[in-house]
Amino acid sequence: MARLEALGLPYTLYHHEPIFTAAEGQHLKDIIPAVHIKNLFLRDKKERMRLVVLPDEINPDLKTLAPAIGLDRISFGSPERLWKYLGVRPGSVCPFAAMNDTGNEVEVIVDETAAKASAVSVHPMINTMSVTISGPDLLRFLDSIGHSPKLLDLSKFPRNAANGADAA
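Keep in mind that this is a model prediction, so the values were computed, not measured.

Colleague: Tell me about the environment of Phe76, residues and numbers included.
Modeller: Note on placement: Phe76 falls in strand β4 (residues 75-76). C-alpha of Phe76 to C-alpha of Ile126: the two residues are 50 residues apart in sequence and 19 Å apart in space.

Listed below in structure tokens is the structure:
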């Protein structure tokens, strides 16, 4: 939040009980007026990594998504890998964590709907809080830390409720 303030990016902070998955946070939609985000920390066999930021109601089929984000045979990154590259634990994954990726190992992908939203709700690297910030301001934040995101329309990918893409 200090970084947001230093950049002059307005935000609103909300405190709540720990939320580990998008499903656990559904009740917050009544409290926090914003596009609620989930984050997928993905890797492939070549150990290339992506952080995919998308509205929580979009549930893309990972096999279909893989080539669009430049990966082959993707899986979720382990908790150890998540800590090593983004400095957060499972349940606290968020686009702000890209600031901990000083080696620029993780490419950030942001859904176009989230990027254009007047407000998105994301964790500020801890799952007992949510921050609302505009989508364009989120992009400005990512640009400021050297992680200019790739924008994709993730709603066009086939949905798959069984792929486990229910990250927080």
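Colleague: Before we move on, could you go through the pattern of salt bridges and cite the residues and values that matter?
Modeller: Tallied over the entire structure, the rule returns 8 salt bridges. Asp72 is the salt-bridge partner of Lys46, the closest N and O atoms lying 3.6 Å from each other. Of this pair, Lys46 sits in the loop between β2 (35-43) and β3 (49-55) while Asp72 is found in the loop between α2 (62-68) and β4, placing the two residues 26 residues apart along the sequence. Three or more residues are tied together by salt bridges with common partners; here these are Asp44, Lys46, Arg48 and Asp72.

Colleague: Please set out the environment of Pro136 residue by residue, giving values where relevant.
Modeller: Mapped onto the elements, Pro136 comes out in helix α5 (residues 135-144). For the pair formed by Pro136 and Phe41, sequence separation is 95 residues and the distance between their alpha carbons is 21 Å.

Colleague: Break down the side chain of Ser92 for me, with residues and values.
Modeller: Secondary-structure assignment places Ser92 in the loop between α3 (79-86) and β5 (106-111). Among all residues touching Ser92, those that are not within four sequence positions of it are His123, Met125, Ile126 and Asn127.

Colleague: Tell me about empty space enclosed by the protein, and name the residues and values.
Modeller: Considering all chains together, one arrives at 1 cavity of 30 Å³ or more under this definition. Counted as a void, the largest cavity has a volume near 170 Å³. Around the largest cavity, the lining is made up of 15 residues, and of these Ile19, His36, Ile37, Ser121 and His123 lie nearest the centre. Mapped onto the lining of the largest cavity, the elements with two or more residues apiece are β2 and β6 (120-122). If one sorts the elements of the lining of the largest cavity by residue count, β2 sits on top with 3 residues. For the lining of the largest cavity, the residue count by class is 7 nonpolar, 7 polar and 1 charged.

Colleague: Before we move on, can you summarise the environment of Leu152 with the specific residues and values?
Modeller: Its location among the elements puts Leu152 in strand β8 (residues 150-152). Looking at Leu152, the relative accessible area reads 13%, which means it is buried. Placed 37 residues apart in sequence, Leu152 and Ala115 show a C-alpha to C-alpha distance of 9.4 Å. Ignoring sequence-local partners within four residues, the contact set of Leu152 consists of Ala68, Ile69, Ile109, Val110, Asp111 and Glu112.

Colleague: So what's going on with the nonpolar core? Residues and values would help.
Modeller: A general feature of soluble globular proteins is that nonpolar side chains tend to end up buried together. Grouped together as the largest cluster of nonpolar side chains are 31 residues, with contacts concentrated most on Leu86, Phe96, Val110 and Leu142. Take this core: its biggest share by element is 4 residues, from α5. Contacts of Val110, omitting those with residues within four sequence positions, involve Val53, Ala115, Leu139, Leu142, Pro149, Lys150, Leu151 and Leu152. If you look at the next biggest cluster of nonpolar residues, it comprises 15 residues, including Leu40, Val52, Leu71 and Leu154.

Colleague: So what's going on with unusual backbone geometry? Which residues, and what values?
Modeller: Positioned with a positive phi, Arg73 is a non-glycine residue whose angle comes to about 40 degrees. Turning to its location among the elements, Arg73 is positioned in the loop between α2 and β4. Residue classification places Arg73 among the exposed residues on the basis of a relative accessible area of 63%. The phi dihedral of Asn104 falls on the positive side, at around 55 degrees, and the residue is not glycine. Relative to the assigned elements, Asn104 resides in the loop between α3 and β5.

Calculation notes
Residues numbered from 1 in each chain as written. Predicted model: local features only at pLDDT ≥ 70, side-chain atom pairs only at ≥ 80, totals over all residues. Heavy atoms only, no water. Helix = DSSP H or I, 4+ residues; strand = E, 2+ residues; numbered from the N terminus. Salt bridge = Lys/Arg side-chain N within 4 Å of Asp/Glu carboxyl O. Contact = heavy atoms within 4.5 Å. 1 Å grid on protein atoms, 1.4 Å probe; cavity = no way out; pocket = protein on both sides within 12 Å on 5 of 7 lines; lining within 4 Å. Points joined across faces, edges and corners; volume = space filled by probe spheres on them. Nonpolar A, V, L, I, M, F, W, Y, C, P; charged D, E, K, R; others polar. Buried < 20%, exposed > 50% of the residue type's maximum accessible area, 1.4 Å probe, protein only. Core = buried A, V, L, I, M, F, W, Y, C linked by side-chain atoms within 4.5 Å.

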